[in-house]
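# Examination of the molecular architecture
Each chain, letter by letter, is given below.
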Amino acid sequence: MHIERTEVGHFYSGGHSNFRYFSPEHETLSVELDTDGRRIDLTKGDDGYFSASVSPLPKGTLYWLLIDGKVRIPDPYSRRQPFSVHGASMIDEPYRPEEHFPGVKAEDAIIYELHVGTFTREGTLRAAEKKIGYLKSLGINVIELMPMAEFPGERDWGYDGTYLYALENSYGTYADLQSFISAAHSAGIAVILDVVYNHFGPEGNYSQMLAPFMVSSDTPWGQAVNFDSKNSSGIRDFFLGNIRYWLSEAGFDGFRADATAFIVDTSKTPILRAMNDLAKEIGKQENREILMIAEHLRNDVKVTDKKDGFAFDAQWCDDFAHATEAVLTGEREGPYQNFGPFDDILTVFSRTFVMDGSRYDYFEHMRYGSDGSDVPPSSIVAYTQNHDQIGNRPCGDRFAASYGKKKAKAFAAALFISPYVPMLFMGEEYGETAPFYFFESFSDSGLIRAVENGRKSMFAQNSISDVPSPHSEEAFEKSRLNWDLPESADGKEMLEFYRALISLKKRSIIGNRCRQCVMVCSIGGKKVLKVDSEKSMSFINFDSEPYPIVVQDTFRIALSSEPFNDGMLQPYAALILEKK
């Protein structure tokens, strides 16, 4: 395939410092050094790019871009923003781990989503690195880092990033990132990065001043990225360059692409397909597996279609979590109003999508989805909870905190018994009870008020009075994990249960990827799920009454979430039988 040229911003090449920017609507563009005001004038080409090559500038050099000799802005292509989103840009570059790591295929992945800022007390990559041994012992082989592009202030989920090439300062340096990735690779763990290509954050986005990065479109964040309108070629280069940057220069093993349904592109080759083609070509050139996952959330089979679709390896699917939680808890607010019947769980296990175009979504007020019967299970990422499904609840409450460890275990068992790629959200494996609130640290007072009012409006139907403001430091601090909990009796019990589930999944005792090899049904007219496969027979009781289970001589009990006495499967209990 033809790989488009994607060297953009400042980069070292040929013993020089090189600058290259797309700015087709401006007459002049210069780099202005912050220390002495010296200017480097860039030459404009016919393709709308300005470029220059000069003697190498040392790392740490601060600079600005000067547009038409009048407007001075930080560099939207910046590799480092030491003074956050409004300050001078800094010349820097990532370090690539030297070892060769083969990567992890989607079909083998056990994913752990984490937010660097709240994962540890320190909230840094160096501190997170100290937990890699713990994740290895848990059985994790893919770490998914929530977005780490530079955002305003020092606390944010990361989806408000405005410098997609710059590592968030509060998380550490590129040396810290290299150390983290190297440590993960040494433990046999791939590291993928959550990237936001559907919008820029609302504060500190200077890209539009340089080039027509944004176009009017109806998205939850306002304007959409210009991937197919006038002067979009350089915008596409910016994002394809970002793919190459984080994969080849920083050494990540793949991406999770945020909210891809809101990426509008009518090009012959949509940007999502171009991104995947580039990522796979890089993987081929470097002899390693690149894992590409989409958060599309429209249950569209084209997302993972390798021939005519976007060719992602996998996509997130909310239906598993929503269907299972609705049955376990009886919740019917928000997206859960679309679910509730026990048969939805059977549908999830056998046909993937409940929202398959035949059912009206009363939360989104639309119909969406496609028939997922033939979707390979390894192309679906399922979970009991993720950052959105916790943080966008009125109180940011986790499942275990609200419904207890018994139902939490049943939920986890359903996840690993399912044929899909399992993903954990940090802390669930030991029953973390701390909330995960939405938080930000904008500096614009009007924006702060707008976010706070927006959250209040979002939960207007709920009488919630003790939820901290998203802008408060309290919201951030209360969202940190409590690492004393895994050492408690309940924490150890939950942790060992997760370890056992992961071990059974890795050994293919449960979670068979072959739909034709698995029988899924309810038994006795009750809300009891039975999953029968080549190596195991599993049961989950979603009912409030116990149910009798006869264990045949050809099976042994591999795992039980609750005591299995007198052949009775307790309410909200899971039982996994392994063939002898």
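Look a little higher up for the structure.
The sections below set out a description of the structure shown in this document. (Residues numbered from 1 in each chain as written. Predicted model: local features only at pLDDT ≥ 70, side-chain atom pairs only at ≥ 80, totals over all residues. Heavy atoms only, no water.)

What follows concerns the overall build of the protein chain. When helices and strands are counted, the protein chain shows 14 helices and 30 strands. Computed over its C-alpha atoms, the radius of gyration of the protein chain comes to 25 Å, within 12% of the 25 Å expected for a compact globule of 580 residues. Its C-alpha atoms put the protein chain at 85 × 55 × 45 Å along the principal axes. In the protein chain, once contacts between residues fewer than 6 apart in sequence are set aside, the share between residues at least 24 apart is 69%. For the protein chain, the exposed surface amounts to about 22300 Å²; the carbon and sulfur share of it is 48%. On the protein chain, the mean spot of the 60 positive side-chain charges and the mean spot of the 83 negative ones are 4 Å from each other. (Helix = DSSP H or I, 4+ residues; strand = E, 2+ residues; numbered from the N terminus. Rg over C-alpha atoms; globule rule 2.2 N^0.38 Å. Contact = heavy atoms within 4.5 Å. Areas by Shrake-Rupley, 256 points an atom, 1.4 Å probe, with all protein chains shown as cover. Lys, Arg positive; Asp, Glu negative; His and termini not counted. Charge placed at Lys NZ, Arg CZ, Asp CG, Glu CD.)

Moving on to the pairing of strand 2 (residues 16–22). Most of strand 2 sits out of view: 6 of its 7 residues are buried. By the bridge criterion, 5 bridges tie strand 1 (residues 9–13) to strand 2 in an arrangement that is antiparallel. When the bridges of strand 2 are listed, Phe11 appears paired with Asn18. The hairpin turn running from strand 1 into strand 2, its antiparallel successor, is 2 residues long, and Gly14 in that turn takes a positive phi close to 60 degrees. Pairing geometry for strand 2 and strand 6 (residues 49–54), over 6 bridges, is antiparallel. Bridging from a neighbouring strand, Ser17 pairs with Val54 of strand 6. (Buried < 20%, exposed > 50% of the residue type's maximum accessible area, 1.4 Å probe, protein only. Pairing = 2+ DSSP bridges.)

Counting through the fold element by element, Val301 comes out in the loop between strand 18 (291–294) and strand 19 (314–316). The partly exposed category is assigned to Val301, whose relative accessible area is 33%. Once the C-alpha coordinates of Val301 and Phe425 are considered, the two residues, 124 residues apart in sequence, prove to be 25 Å apart. Discounting chain neighbours no more than four positions away, the residues touching Val301 are Phe353, Ser370, Asp371 and Val375.

Formed by 174 residues in total, the largest nonpolar core has its most connected members in Leu145, Met148, Leu177, Phe239 and Phe252. For this core, the element with the highest residue contribution is helix 11 (residues 399–417), accounting for 11 residues. Other than its neighbours up to four places away in sequence, Leu145 contacts Leu114, Val116, Phe180, Val191, Ile192, Leu193, Asp194 and Phe252. Counting 12 residues, the second-largest nonpolar core is a separate cluster that includes Val528, Phe539, Ile549 and Phe564. (Core = buried A, V, L, I, M, F, W, Y, C linked by side-chain atoms within 4.5 Å.)

With that out of the way, let us pick up the side chain of Arg273. Following the sequence through the fold, Arg273 ends up in helix 7 (residues 271–286). Arg273 has contacts with Asp305, Lys306, Lys307, Asp308, Gly309, Phe310 and Ala311, leaving out every residue within four places of it along the chain.

Right, let's talk about the environment of Leu42 for a bit. Considering the arrangement of structural elements, one finds Leu42 in the loop between strand 4 (39–41) and strand 5 (43–44). Taking the C-alpha atoms as reference points, Leu42 and Ser229, 187 residues apart in sequence, are found 25 Å from one another.

What follows deals with the sheet that holds strand 30 (residues 574–579). On the basis of which strands lie adjacent, the open sheet formed by 5 strands has the order 24-25-26-30-28 and antiparallel pairing. Of all the strands in the sheet, just strand 24 (519–522) and strand 28 (555–560) have a single pairing partner and so form its edges. The average undirected angle you get between the axes of adjacent strands in this sheet is 20 degrees. In the packing of helix 11 onto the sheet, the strands contacted are strand 25 (528–532), strand 26 (536–541) and strand 30, and the crossing angle to strand 26 comes to about 145 degrees. (Axes fitted to C-alpha atoms, helices over the stretch in contact; angles between N-to-C directions.)

Okay, the packing of helix 11 against helix 14 (residues 489–506) next. Put simply, helix 11 and helix 14 touch, their axes get as near as 10 Å, and they point 15 degrees apart. Compared by their axis directions, helix 11 and helix 14 come out roughly parallel. Considering how the two elements wind past one another, helix 11 and helix 14 form a crossing that is right-handed. When helix 11 is examined against helix 14, the residues Lys405, Ala408, Lys409, Ala412, Ala413, Leu415 and Phe416 are found in contact with a partner set consisting of Asp490, Glu493, Met494, Phe497, Tyr498, Leu501, Ile502 and Lys505. Residue composition of the contact of helix 11 with helix 14, grouped by class: 10 nonpolar, no polar and 5 charged. (Parallel < 35°, antiparallel > 145°, perpendicular 65-115°, else oblique. Left-handed = near helix turned anticlockwise from the far one by under 90°. Nonpolar A, V, L, I, M, F, W, Y, C, P; charged D, E, K, R; others polar.)

Sheet strands associate in pairs through backbone hydrogen bonding, adopting either a parallel or an antiparallel arrangement. Overall, parallel pairing links the 8 strands, which are arranged 10-11-14-17-18-19-22-23 in a closed barrel. Taking each pair of neighbouring strands and ignoring which way they run, the sheet shows an average axis angle of 30 degrees. Judged from the 4 bridges that link them, strand 10 (residues 111–114) and strand 11 (residues 142–145) form a sheet pairing that is parallel. Each residue of the ladder has a partner; that of Ile111, found in strand 11, is Val142. Contacts from helix 6 (residues 233–249) reach strand 14 (190–195) and strand 17 (254–257) within the one sheet, and its direction differs from that of strand 17 by about 135 degrees.

Turning our attention to helix 14. Between its first and last C-alpha, helix 14 extends 26 Å over 18 residues, near the 26 Å set by a 1.5 Å rise per residue. Within the span of helix 14, buried status applies to Gly491, Met494, Leu495, Phe497, Tyr498, Leu501, Ile502, Leu504 and Lys505. Ser508 occupies a position one or two residues after helix 14 and carries a positive phi of about 60 degrees. (Expected span 1.5 Å × (residues − 1).)

Another aspect to go through is the side chain of Asp265. Mapped onto the elements, Asp265 comes out in the loop between strand 17 and helix 7. A distance of 2.6 Å separates a polar atom in the side chain of Asp265 from the backbone nitrogen of Ile271. Apart from residues no more than four positions distant in its own chain, Asp265 is found in contact with Phe227, Asp228, Arg236, Pro270 and Ile271. (Polar contact = N/O pair within 3.5 Å; in protein donor to acceptor, adjacent residues only side chain to side chain.)

This part is about the pattern of salt bridges. Two side chains with opposite charge may pair up if their charged atoms get near one another. As enumerated under the stated definition, the model contains 27 salt bridges in all. With a shortest N-O distance of 3.7 Å, Glu32 and Arg39 are connected by a salt bridge. We classify Glu32 as buried; its relative accessible area is 12%. For Arg393, the salt bridge goes to Glu331, with nearest N and O atoms at 2.8 Å. Placement of the pair is Arg393 in the loop between helix 10 (387–391) and helix 11 and Glu331 in the loop between helix 8 (319–329) and helix 9 (343–351), with a sequence separation of 62 residues. In this structure, Arg393 and Glu331 share a single accessibility class: buried. One continuous salt-bridge network, built from bridges that share partners, spans Arg96, Asp253, Glu286 and Arg288. (Salt bridge = Lys/Arg side-chain N within 4 Å of Asp/Glu carboxyl O.)

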